[in-house]
Amino acid sequence: MKYWLVKTEPSEFSWEDLKAAPGQTTPWEGVRNYQARNYMRKMQVGDLVFFYHSQTNPLAIIGIAIVVRGAYPDPTQFDPSSPYFDPQSTPENPRWETVDIQYQREFSAPISLPQLKEIPGLENMVLLRKGSRLSVQPVTEREWRIVSALRE
DNA sequence: GCCAACGTTGGC
DNA sequence: GCCAACGTTGGC
């Protein structure tokens, strides 16, 4: 099993949206970055995912989701009415993929970015690296244990 | 709203 | 294949 972190602007798709989704499950659509896509390709059913809110207050990890379906072509790339439409992508040769994630648990309180920066052992976490913009990131097992131990 | 960091595009 | 220009992300 592997561990991951996904970033989202809550004005686009929030933790509350995930909880309210049918089956508390959503396709993680709209990722249009090759590195992030490549990580999604490595995601397997049962992998755990930190859910992080960006561009908001507080900047924080809110809870944990679980991968319930591994990578498959992101349907929004074929939909001309979608903001994620990619005219260069075809069903025969799709460029972008998505995974399905499901709500797993919510932390008793969000773990904020400033707080994470204080915690020994997280110095190399991708989220905390300067200029890191990756919206889908790997988390090491050790980082996962340190962060999840901060909350019930 | 600013701006640093990063990714992508396209001329050459 | 280089790299300047441009667009986007995201913390502050």
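Structure first, text after, so check above.
Explain the protein's contact with DNA strand B residue by residue, including any values.
Surveying the vicinity of DNA strand B reveals the residues N33, Y34, Q35, K130, G131 and R133. Here, DNA strand B places atoms within 4 Å of the protein, and 71% of those atoms are sugar or phosphate. Interatomic distance of 2.9 Å between a side-chain N/O atom of K130 and a phosphate oxygen of DNA strand B. The separation between a base oxygen of DNA strand B and a polar side-chain atom of R133 is 2.7 Å. The residue inventory of the surface near DNA strand B, partitioned by class, reads one nonpolar, three polar and two charged.

Go over the pairing of strand β5 (residues 97-112), please, and point to the residues and values.
Pairing between strand β2 (residues 25-27) and β5: three bridges, direction antiparallel. For T25, the partnering residue across the bridge sits in β5 and is Q102. Relative to β5, strand β4 (residues 60-73) runs antiparallel, the two sharing 10 bridges. Across the sheet, P73 pairs through a bridge with E97, a residue of β5.

Talk me through unusual backbone geometry; I want residue IDs and the actual numbers.
The linkage connecting N57 with the following residue, P58, adopts the cis geometry, with an omega of 0°. Considering the arrangement of structural elements, one finds P58 in the loop between β3 (48-53) and β4. Phi is positive for Q24, which is not a glycine, with a value near 50°. Mapped onto the elements, Q24 comes out in the loop between α1 (15-20) and β2.

Before we move on, can you summarise helix α4 (residues 141-148) with the specific residues and values?
Within the span of α4, buried status applies to E143, W144, I146, V147 and S148. In the core, the buried residues of α4 are packed alongside β1 (3-8), β3, β4, β5, α3 (113-118) and β6 (136-139).

Give me the pattern of salt bridges: which residues, what numbers.
In total, this model carries five salt bridges according to the counting rule given. The partner of D74 in a salt bridge is R32, and the shortest N-O contact between them spans 3.1 Å. Here D74 is found in the loop between β4 and β5, whereas its partner R32 is found in the loop between β2 and α2 (34-42), with 42 residues between them in sequence. Overall, R32 belongs to the partly exposed group, its relative accessible area being 27%. Notably, a salt bridge pairs R41 with E97, separated by 2.4 Å at the nearest N-O pair. One end of the pair, R41, is in helix α2; the other, E97, is in strand β5, and 56 residues separate them in sequence. Assessed through its relative accessible area of 15%, E97 is described here as buried.

Break down the nonpolar core for me, citing the residues and quoting the values.
Counting residues in hydrophobic clusters, the biggest one holds 21 residues, and the most contacted among them are L5, F50, I61, L116, L122 and V147. Within the residue set of this core, elements represented by two or more residues are β1, β3, β4, β5, α3 and α4. The contact partners of L122, leaving out residues within four places of it in the chain, are L116, L128, E143, I146 and V147. Core analysis: the next-biggest nonpolar cluster, separate from the first, contains 19 residues, L18, A65, I101 and L134 among them.

Quick notes on the rules
- Residues numbered from 1 in each chain as written.
- Chains lettered and ligands numbered in written order.
- Predicted model: local features only at pLDDT ≥ 70, side-chain atom pairs only at ≥ 80, totals over all residues.
- Heavy atoms only, no water.
- Near = heavy atom within 4 Å.
- Polar contact = N/O pair within 3.5 Å; in protein donor to acceptor, adjacent residues only side chain to side chain.
- Nonpolar A, V, L, I, M, F, W, Y, C, P; charged D, E, K, R; others polar.
- Pairing = 2+ DSSP bridges.
- Helix = DSSP H or I, 4+ residues; strand = E, 2+ residues; numbered from the N terminus.
- Buried < 20%, exposed > 50% of the residue type's maximum accessible area, 1.4 Å probe, protein only.
- Contact = heavy atoms within 4.5 Å.
- Salt bridge = Lys/Arg side-chain N within 4 Å of Asp/Glu carboxyl O.
- Core = buried A, V, L, I, M, F, W, Y, C linked by side-chain atoms within 4.5 Å.

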